Amino acid sequence: MTDSFTKVTSSSWFERLGFALAGALLGVALLVFGCWLLFWNEGRYLDYVHNLEKCEAMTVEAVPGELNPENNGKVIHMSGDAVVASPLRDKDFGIELKALRLKREVQMYQWQEDIESETEKKTGGGTETTTTYTYTQGWSSELNDSATFEVPAGHGNPKAMPYKNREWIAENVKIGKFDLAPELFDTLDDYESYPVKKLPPGISGAKLLEEGDIYISHSGDSSMLAPELGDMRISFSILKPGQFSVVAQQRGNKLVPYNTADDYQIYMLERGNISATEMYAHDMDKNRGLTWGLRGLGVLSLVIGCFLVLKPVSVFFDVLPLLGNITEFGLGVFSIIAGLLFGALVIALGWLFYRLLIAAGVVVAAMLVCAGIVYGVRIRKVDS
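Because the structure is predicted, anything quoted here is derived from the model rather than measured.

What counts and what doesn't
- Residues numbered from 1 in each chain as written.
- Predicted model: local features only at pLDDT ≥ 70, side-chain atom pairs only at ≥ 80, totals over all residues.
- Heavy atoms only, no water.
- Patch = residues over 30% accessible without salt bridge, like charges linked within 9 Å, V, L, I, M, F, W, Y side chains within 5 Å.
- Areas by Shrake-Rupley, 256 points an atom, 1.4 Å probe, with all protein chains shown as cover.
- Salt bridge = Lys/Arg side-chain N within 4 Å of Asp/Glu carboxyl O.
- Helix = DSSP H or I, 4+ residues; strand = E, 2+ residues; numbered from the N terminus.
- Buried < 20%, exposed > 50% of the residue type's maximum accessible area, 1.4 Å probe, protein only.
- Phe/Tyr/Trp six-rings, centres within 6.5 Å; stacked < 30°, edge-to-face > 60°.
- Lys NZ or Arg CZ within 6 Å of the ring centre and 35° of its normal.
- Core = buried A, V, L, I, M, F, W, Y, C linked by side-chain atoms within 4.5 Å.
- Contact = heavy atoms within 4.5 Å.
- Polar contact = N/O pair within 3.5 Å; in protein donor to acceptor, adjacent residues only side chain to side chain.
- Pairing = 2+ DSSP bridges.

> Can you walk me through a nonpolar patch on the surface in this structure?
On the surface, Phe33, Trp36, Trp40, Leu297, Leu300 and Ile304 cluster together into a nonpolar patch covering about 570 Å² of accessible area. Those elements that provide at least two residues to the nonpolar patch are helix 1 (13-58) and helix 2 (276-316). Of note, Trp36 is situated in helix 1. On the accessibility criterion, Trp36 (48% relative accessible area) is partly exposed.

Now the structure itself:
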């Protein structure tokens, strides 16, 4: 079932100019944020590389079956089979199994609102906006509050979801004699579907689907082929145990994230028998990926900020829509070019600044060492 409604609104030239001037202030904030992010990101990258290299240099190999007190407080690397001591339980649906993590995903069949707007400029600088609200029934993992719809009448959704998305995390996981902190598994995302084999008792309208999901009919008569409002579909996925390689800090018989002096948390967990060198190389690749992602975000902030700052100019010329469109296109192209060039300049300045800072630190350290050596030689001569 689909419904659609249309709403037409208009804005005067003065209103649009006021909004554009307010947007220019946001544009200034985005320009400042973009410059800060690009400059800071260059230092963050080098700091993380420095901490990662120090961590790799101090990493020692360990054996899962041996708890070596000499490694206490050190960063260790090992490979072994992860064993879950206690099963995870979803009491609502009678599921009990040994896994690193158990995830329940719940979807409800309900009304959903889709909004599309089209704005047309008018002679004199004003605009007319046509907004279309389309209502369709479909599956959603979140409860859609129909009271917030533009047209709530006839599109009422249930007030609550009887079952919600949940995740259970194993707390008693071991590799050999070592307990693994639950957060070590946060980087894993290789969940596998877990088909339910038996329906739990006492759930009205529950049916077992062919693929192992649970379908709960609100009325008791609906199905996946003809769902009704309020029907629910519940699926499960698990993070399986197996062989893992880990880099973490040993604290007694526990493996936990290592906190560096610069407040970085370093820990790695990968499936399979992976060497420490490979794991550090993989983490370095992630750092490079994050660096380029933040560079892209910073440049995007500069482009958008530049366009917002210049937006009042195009609105001013919108008294003649054709002239305004030409101006807006030109300012858009200029903003892209200016954002890219200025972003590259800020990145280059950050790149040079932090490397010169490191170089200066190395020179000062070397001078202090040399001064210490000279002072020590002089003391010996005086003593002799």
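Anyway, onward from the coordinates.
> I tried to follow the packing of aromatic side chains on my own but got confused; where do I start?
Here the structure, examined in full by the defined rule, presents 16 aromatic pairs. Centroid distance Trp13 to Phe14: 5.0 Å. Interplanar angle 75°. Geometry classified as edge-to-face. Taking 5.5 Å as the distance between ring centres and 10° as the angle between the ring planes, the aromatic pair formed by Trp36 and Trp40 counts as stacked. Pair noted here: Trp36 and Trp40 are both in helix 1, with a separation of 4 residues, about one helical turn. In textbook terms, an aromatic cluster arises when at least three aromatic residues are bridged by ring pairs, as seen for Trp13, Phe14, Phe316 and Phe317. Seen from the ring of Tyr191, Lys103 lies directly overhead, with NZ or CZ sitting 4.0 Å from the centre.

> Would you explain the nonpolar core in this entry?
The nonpolar side chains of a soluble globular protein tend to be buried, and buried together. One finds Phe93, Ile216 and Leu255 to be the most contacted residues of the largest nonpolar core, which totals 43 residues. Sequence-distant contacts of Leu255, defined by excluding residues within four places in its chain, comprise Ile76, Met78, Phe178, Asp179, Leu180, Ala181, Leu184, Val246, Ala248, Gln249 and Gln250. Listed in part, the 17 residues of the second largest apolar core include Leu46, Met268, Tyr280 and Met284.

> Sorry, what's going on with the environment of Gln249 here?
Looking at the secondary structure, you find Gln249 in strand 15 (residues 243-251). Taking the C-alpha atoms as reference, Gln249 lies 51 Å from Phe149; in sequence the two are 100 residues apart. In this structure, Gln249 is in contact with Gly73, Lys74, Val75, Lys254, Leu255, Val256, Pro257 and Tyr258, ignoring residues within four places of it in sequence. Among the polar contacts listed, one links the side chain of Gln249 to the backbone oxygen of Gly73, at a separation of 3.0 Å.

> I keep staring at the side chain of Asp90 and nothing clicks. Help me out?
Along the polypeptide, Asp90 turns up in strand 4 (residues 88-90). In this structure the side chain of Asp90 is engaged in a polar contact, spanning 3.1 Å, whose partner is the backbone nitrogen of Asp92.

> Explain the pattern of salt bridges here, please?
Counting across every chain of the model gives 17 salt bridges. Across the salt bridge formed by Asp90 and Arg104, the nearest N and O atoms sit 2.8 Å from each other. With Asp90 in strand 4 and Arg104 in strand 6 (residues 101-121), this residue pair connects regions lying 14 residues apart in the sequence. With a shortest N-O distance of 3.1 Å, Lys240 and Glu192 are connected by a salt bridge. With a gap of 48 residues between them, Lys240 in the loop between strand 14 (232-239) and strand 15 and Glu192 in strand 11 (residues 192-193) connect regions that are remote in the sequence. Counted as one network, the salt bridges with shared partners bring together Arg16, Lys121, Lys311, Asp318 and Glu328.

> Would you explain the pairing of strand 7 (residues 127-140) in this entry?
Consecutive side chains along a regular strand alternate between the two faces of the sheet. As paired elements, strand 1 (residues 2-11) and strand 7 share 10 bridges and run antiparallel to each other. The residue bridging Phe5 from the neighbouring strand is Tyr133, located in strand 7. One ladder, built from 14 bridges, connects strand 6 with strand 7; its direction is antiparallel. Among the inter-strand pairings, Glu120 is bridged to a residue of strand 7, identified as Glu128. Between strand 6 and strand 7, which pair antiparallel in sequence order, lie 5 residues; one of them, Gly124, sits at a positive phi of approximately 110°.

> Quick question: what am I supposed to make of the pairing of strand 14 here?
A large share of strand 14 lies buried, amounting to 7 of its 8 residues. As defined by bridge partners, strand 6 adjoins strand 14 across 8 bridges and the pair is classed as antiparallel. Within strand 14, the residue paired with Met108 across the bridge is Met232. Here 2 bridges tie strand 11 to strand 14, and the two strands are oriented antiparallel to one another. Bridge assignment links Glu192 to a residue of strand 14, and that residue is Ile238. Pairing of strand 13 (residues 214-216) with strand 14 involves 3 bridges; the strand directions are antiparallel. By the bridge assignment, Ile216 is partnered in strand 14 with Met232.

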